[in-house]
Amino acid sequence: MAKPVEQLESVVIRFAGDSGDGMQLTGGRLTTETALAGNDLATFPDFPAEIRAPAGSLPGVSGFQLHFADHDILTPGDRPDVLVAMNPAALKTNLGDLPKGGTLIVDTDAFTDRNLKKAGYESNPIEDGSLADFQVHAVQLTSMTVGALKEIEGVTAREAERAKNMFALGLMSWLYGRPTESTTDYIGKKFAKRPEIAAANLKAFNTGYAFGETSEAFAVQYEVKAAKLPPGRYRQITGNMALSWGLLAASKLSGLDLFLGAYPITPASSVLEELAKHKAFGVRTFQAEDEIAAAGAALGAAFGGSLGVTTSEGPCVVLKSETVGLAIALELPLLVVAVQRAGPSTGMPTKPEQGDLLMVLFGRNSESPVPVIAASSPGDCFYAAVEAVRVAVTYRTPVYLLSDAYLANGAEPWLIPEIASLPRIDANFAQSDGEPFLPYKRDAETLARPWAIPGTPGLEHRIGGLEKANITGNISYDPENHDLMTQLRAQKVAGVKVPEVEVDHQEGADVLVLSWGGTYGPVHAGVRRVRAKGHHVAHAHLRWLNPFPANLGDVLKSYDKVLVPEMNLGQLLQLLRARYLVDAVGYNRVTGKPFKAGEICDAVEALL
């Protein structure tokens, strides 16, 4: 007899376990199933920096949170409705986020005396009544998985135990009516070289699904209907994948061969990994021995007429600063992608932060301004990459593109754009006209200098970091020339044409919330909550951090109060107060976790 089906508008699920328990794989598979079901979704993978932290330890817990709904959502959710805890440490570190009445699924086989002691429990929480506020489902995940796989030849007991994440995935797939065909196909392809492992994982998945169907513990199945998204073709995409594809698109739109010089480093590595798959599109990826070499190679590629890109994160973007200064002096296009993470120094390598804004704006010697753009969502990383390349090529300047670990690893449905809708990028290489080449004779509108391909007859010119004479490009120590060149480089960046900032205004609002970068989702979700309570509040989001939109000053002065939420100690806030003399206030948290919509709502209400 079929179980009753209850309709839900949205649900937030969190998987948590050891970093070797496959929580990222489990969450990723449920995300794919959910995307195919047509729901709007947002994810937050949260994992330790260590390759394999001690099993059962609190620092070694890896988590994956998925929020899906039948309507437009902006965040992976403040708190989980369902927590799947694979061991005591996962329970200990995540239970505080589960609201009273929330669903808790635990693997009772993992709650041994040894694991309880590692997690700091004096008694077993499943048995001592401390979980009375939650709907607890104590499931023998491990032993049921191992028992189901006994008959599969060639699978060791340890390999059978490792398939317990597939049991959990099967159970959650049944509980929320997810399509399972994609997971079945995935298992077959992933373990194609070991058919016995493929069979084991598939059986574990199906056993978990059947357990949900037949167990009396789960009396109801839930359904979240597809969201009404704008028409078009969608795919699930992460921020780093979208950024990589944006670079590919920019390469085609500009007609420039894409060269990526990078050193693998969390959380930027997957950009290098993704682009390395696309040699068929003329992409060249260079895994350098260090960050300085990576940036130097990318700048060399730009000198040679390619689209030069280098990617990294905060501590290593520091190492690229001298090369960026050289690119500023040479006035060559170079894209520097900074996927921000918590610092300083090594900090918390897998956690997000917005602490690198002032560094990318001012972290070079002398007067060396550069354009800075920040992506706002995983899907927006595609468009931000295209726009950053357009500016770098058009204005012959290095450009910083800011992302962060939250955007890089998070996923959402992405409407695949029509290629014809993307404007072309004109590289406009210099051509010899028989006259002496003047490498610093500027375009009257953009102040960009000519981009000359080395080896082109008639376009020979000097190159290097020493100051150039205006127009001729000869080495110059003339004081007035240096002042002029410094002014021209600054004017060129200040003159970059960026769109005006748009304000989501409510009639009667006298409070403006101004956000930037990856905080868009939780900030706007928080604003929605404030409005739902009957308050009037406006929200604007900055994409361009240098130069600022031309209308930003007027926007700021149109409101009595301005709140600037940032995952730092107030870096944009300093700039706004200094530049526009507005008495803006900050909401600043550096926890290594993205903002929650609820805390933004509270901050706005406090200001009101």
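Here's what I pulled together on the structure shown here. All values derive from a computational prediction rather than experimental measurement.

## Structural notes on the sheet that holds strand 5 (residues 82–85)
For step 1, the next point in the chain: The strand order across the open sheet formed by 6 strands is 3-4-2-5-6-7, and the pairing between neighbours is mixed. Of all the strands in the sheet, just strand 3 (40–46) and strand 7 (135–139) have a single pairing partner and so form its edges. Taken pair by pair, the neighbouring strands of this sheet meet at an average axis angle of 15°, ignoring direction.

## Some words on empty space enclosed by the protein
For step 1, the next point in the chain: Scanning the entire structure with this criterion turns up 2 cavities of 30 Å³ or more.
For step 2, the next point in the chain: Of the pockets and cavities examined, the largest cavity occupies roughly 50 Å³.
For step 3, the next point in the chain: Residue lining of the largest cavity: Ile328, Glu331, Pro369, Arg396, Thr397, Pro398, Arg489, Lys492 and Val493, and that is the complete set.
For step 4, the next point in the chain: The greatest single-element share of the lining of the largest cavity, amounting to 3 residues, is contributed by helix 17 (residues 479–494).
For step 5, the next point in the chain: The residue makeup of the lining of the largest cavity, split by class, is 4 nonpolar, 1 polar and 4 charged.
For step 6, the next point in the chain: Within this model, the second largest cavity holds a volume of roughly 30 Å³.
For step 7, the next point in the chain: Forming the walls of the second largest cavity are Phe44, Pro45, Thr350, Pro352, Ala405, Tyr406 and Asn409.
For step 8, the next point in the chain: Put simply, the parts of the chain that give the lining of the second largest cavity at least two residues each are strand 3 and helix 16 (405–409).
For step 9, the next point in the chain: Of the residues assigned to the lining of the second largest cavity, the class counts are 5 nonpolar, 2 polar and no charged.

## Points about the packing of aromatic side chains
For step 1, the next point in the chain: Within the structure shown, the criterion is met by 12 aromatic pairs.
For step 2, the next point in the chain: Ring geometry for Tyr176 versus Tyr222: centroids 5.5 Å apart, planes at 20°, classification stacked. In this pair, Tyr176 is assigned in the loop between helix 6 (164–175) and helix 7 (181–190) and Tyr222 in strand 8 (residues 221–223), connecting sequence segments 46 residues apart.
For step 3, the next point in the chain: A relative accessible area of 4% means that Tyr176 is categorised as buried.
For step 4, the next point in the chain: Both rings, one in Phe211 and one in Phe218, keep their centres 6.2 Å apart while their planes meet at 75°; by these two values the pair is edge-to-face.
For step 5, the next point in the chain: An aromatic cluster is defined as three or more aromatic residues linked by ring pairs; in this entry it consists of Trp245, Phe382, Tyr383 and Trp414.
For step 6, the next point in the chain: Lying over the aromatic face of Tyr186, Arg29 brings its terminal NZ or CZ to 4.3 Å of the ring centre.

Cut-offs used in this document
- Residues numbered from 1 in each chain as written.
- Predicted model: local features only at pLDDT ≥ 70, side-chain atom pairs only at ≥ 80, totals over all residues.
- Heavy atoms only, no water.
- Pairing = 2+ DSSP bridges.
- Helix = DSSP H or I, 4+ residues; strand = E, 2+ residues; numbered from the N terminus.
- Axes fitted to C-alpha atoms, helices over the stretch in contact; angles between N-to-C directions.
- 1 Å grid on protein atoms, 1.4 Å probe; cavity = no way out; pocket = protein on both sides within 12 Å on 5 of 7 lines; lining within 4 Å.
- Points joined across faces, edges and corners; volume = space filled by probe spheres on them.
- Nonpolar A, V, L, I, M, F, W, Y, C, P; charged D, E, K, R; others polar.
- Phe/Tyr/Trp six-rings, centres within 6.5 Å; stacked < 30°, edge-to-face > 60°.
- Buried < 20%, exposed > 50% of the residue type's maximum accessible area, 1.4 Å probe, protein only.
- Lys NZ or Arg CZ within 6 Å of the ring centre and 35° of its normal.

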